[in-house]
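Survey of secondary and tertiary structure
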Amino acid sequence: MPFIAALIGYVTKRVAIEMMFKPVEFVGIKPFLGWQGVLPANARRMASTATEMLTHNLVDPKEIFSRLDPEQVAREIEQPLLRVVEDVTREVMEQYQPRLWEVLPNTAQALLLKRVQAEAPRAIAKIMREIADNIEDVLDLQHMVVENLVRDKALLNRLIRDISRPEMRFIAKSGIFFGFVLGCVQLIIWAVTKSPIVLPLFGFLIGWLTDWLALKMIFLPREPRTFFGFYTWQGVFQKRRDQVAADYGDMIAREIITIPNLIEAVLKGPKSDRLFQLITREVQKTIDQQASIVKPFVAVAVGTRRFQEMKQTAATKAAERVPETIRHAEDYAINALDVRNTIVDRMRKLTALEFEQLLRPAFRQDEWKLIAVGAIIGGLVGELQVLLLLH
């Protein structure tokens, strides 16, 4: 009986752990006949909770982006930027007035391109300074993180599972110990009473109590406490603070707050209009300032309204080329933003309760389901024991 109880304790824990994460998508007949992992099923709520902790306590977008040197960014992307300026200028001119562009002397074409190219890095640096000073106007970091985690539920699973792997192992192993101890009690009561109800009752109790105890011991007590005068215990998750901070910082910087994700959020997020306004203004200003050599000819040839449309088209095409251009500054931006070390340092300064909130929401709201499943499995195994004894 103690060994079967230990097996019940272990199996119920493994089942509970897997049910937290799998399956990623609902399997069965919706809405009730089937199952989806607790985390994937509540992806938006879980992601919102994790992101609130991230954006409120660990990452300040304004502080992070202030580390970028606008002039350095411009230098990093200077060569691809010059190619973009040339391509966009040629495309726009050929689209709106191909004959005029063809008849312009090569020297006039080259002079126009050089003058616009010369101003482009300064325009980029100006845009970068304005973005850094008003990052909240162009980037909704919380929206970006939540949408990425909801869209990629497997990533949300990894975020929780990878930082809590030792805790998951502890849950499974604790089931063996607690199950064995309760199995010894079960054996004594069975020997005294010989009542068939003892086996399913204890199976249910082992499944429920060992799940409940294991989940509590992950987080509590938050600070080391001594029990019975000699045994000291601290929640497993709290004890691993330094390693959790390192793992969490690595994953956030590697898979969530990445340069491609930031660029996508700025260009396509709910505040992207603001960035496009900045780009449009600077592109049009640059064209007006540097294209004086051909502007009179172009304005006459295509008309003032068409000339304004040309500038708008140039701005649109420039914005479309931003992702591929800014990619050349990715290595510099990663080192300058230093997201990983920022998160690690701040996580280590969190209070015990704040630190607990990194993982605790993944368990709290639906942990009763996991405990209930453990209890049901334990009860069924107890019934099986009764059948075996009767036969």
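Below you will find a few notes about this structure. (Residues numbered from 1 in each chain as written. Predicted model: local features only at pLDDT ≥ 70, side-chain atom pairs only at ≥ 80, totals over all residues. Heavy atoms only, no water.)

What follows deals with the overall build of the chain. Along the backbone of the chain there are 25 helices and four strands. Across the 391 residues of the chain, 49% fall into the buried class. Of the roughly 19600 Å² of accessible surface on the chain, 60% is carried by carbon and sulfur atoms. (Helix = DSSP H or I, 4+ residues; strand = E, 2+ residues; numbered from the N terminus. Buried < 20%, exposed > 50% of the residue type's maximum accessible area, 1.4 Å probe, protein only. Areas by Shrake-Rupley, 256 points an atom, 1.4 Å probe, with all protein chains shown as cover.)

Let us look at the layout of surface pockets. Considered as a void within the structure, the largest pocket measures approximately 220 Å³ in volume. Taken together, Trp212, Leu213, Lys216, Met217, Leu220, Pro221, Phe227, Phe228, Tyr231 and Trp233 make up the full set of residues lining the largest pocket. Among the elements of the structure, helix 13 (198–219) and strand 4 (231–233) are those that each provide at least two residues to the lining of the largest pocket. At four residues, helix 13 tops the list of elements feeding residues into the lining of the largest pocket. Grouping the amino acids of the lining of the largest pocket by side-chain chemistry returns nine nonpolar, no polar and one charged. (1 Å grid on protein atoms, 1.4 Å probe; cavity = no way out; pocket = protein on both sides within 12 Å on 5 of 7 lines; lining within 4 Å. Points joined across faces, edges and corners; volume = space filled by probe spheres on them. Nonpolar A, V, L, I, M, F, W, Y, C, P; charged D, E, K, R; others polar.)

Let's shift gears to unusual backbone geometry. Between Lys22 and Pro23 the backbone carries a cis peptide bond, its omega angle lying at -10°. Within the secondary structure, Pro23 sits in the loop between helix 1 (2–21) and strand 1 (27–29). With an omega dihedral of -10°, the bond running from Leu220 to Pro221 counts as a cis peptide bond. Tracing the sequence through the fold places Pro221 in the loop between helix 13 and strand 3 (225–227). Positive phi values are uncommon outside glycine, yet Asp338 reaches one of about 55°. Tracing the backbone shows Asp338 in the loop between helix 21 (330–337) and helix 22 (339–347).

Burial in helix 16 (residues 259–268) covers these residues: Ile259, Asn261, Leu262, Ile263, Ala265 and Val266. Here helix 16 starts with a cap whose side-chain oxygen sits 3.2 Å from the backbone nitrogen of Asn261, and that cap is Thr258. (Polar contact = N/O pair within 3.5 Å; in protein donor to acceptor, adjacent residues only side chain to side chain.)

A few words now on the nonpolar core. A general trend in soluble globular proteins is that nonpolar side chains are found buried together. Counting residues in hydrophobic clusters, the biggest one holds 86 residues, and the most contacted among them are Leu54, Tyr248, Ile252, Ile257, Leu262, Ile343 and Met347. For Met347, the contacting residues outside a window of four places in its chain are Leu58, Arg241, Val244, Ala245, Tyr248, Phe355 and Leu358. (Core = buried A, V, L, I, M, F, W, Y, C linked by side-chain atoms within 4.5 Å. Contact = heavy atoms within 4.5 Å.)

Secondary-structure assignment places Thr51 in helix 3 (residues 43–58). Of note is the side chain of Thr51, whose polar atom sits 2.6 Å from the backbone oxygen of Ala47. Ignoring any residue separated from it by four or fewer positions in sequence, one finds Thr51 in contact with Gln142, Val145, Val146 and Leu149.

Once that is clear, we can look at the pattern of salt bridges. Taken as a whole and judged by the stated rule, the model has 14 salt bridges. Across the salt bridge formed by Glu18 and Arg14, the nearest N and O atoms sit 3.3 Å from each other. Highlighted residues: Glu18 and Arg14, both in helix 1, separated by four residues, approximately one helical turn. Of the residues examined, Arg14 reaches a relative accessible area of 29% and is grouped as partly exposed. As a salt-bridge pair, Arg165 and Asp162 come within 2.8 Å of each other at their nearest N and O atoms. (Salt bridge = Lys/Arg side-chain N within 4 Å of Asp/Glu carboxyl O.)

Within the secondary structure, Ala318 sits in helix 19 (residues 304–320). Residues contacting Ala318, with those up to four places away along its chain left out, are Val88 and Val283.

Right, let's get into the environment of Arg151. Examined against the element boundaries, Arg151 turns out to sit in helix 10 (residues 141–151). Classification of Arg151 as exposed rests on a relative accessible area of 55%. Taking C-alpha positions, Arg151 is 9.3 Å from Arg44, a pair spaced 107 residues apart along the chain. A polar atom in the side chain of Arg151 sits 2.7 Å from the side chain of Asn148.

In the structure shown here, the tally under the stated rule is five aromatic pairs. Measuring from centroid to centroid gives 6.1 Å for Phe219 and Phe237, while their planes differ by 70°, and the two rings are edge-to-face. Highlighted residues: Phe219 in helix 13 and Phe237 in helix 14 (residues 236–239), separated in sequence by 18 residues. A relative accessible area of 2% means that Phe219 is categorised as buried. Residue class for Phe237 comes out buried when judged on its relative accessible area of 0%. A connected cluster of aromatic rings, assembled from ring pairs, spans Phe170, Tyr231 and Trp233. Over the ring of Phe355 we find Arg241, and its NZ or CZ is 4.6 Å from the ring centre. (Phe/Tyr/Trp six-rings, centres within 6.5 Å; stacked < 30°, edge-to-face > 60°. Lys NZ or Arg CZ within 6 Å of the ring centre and 35° of its normal.)

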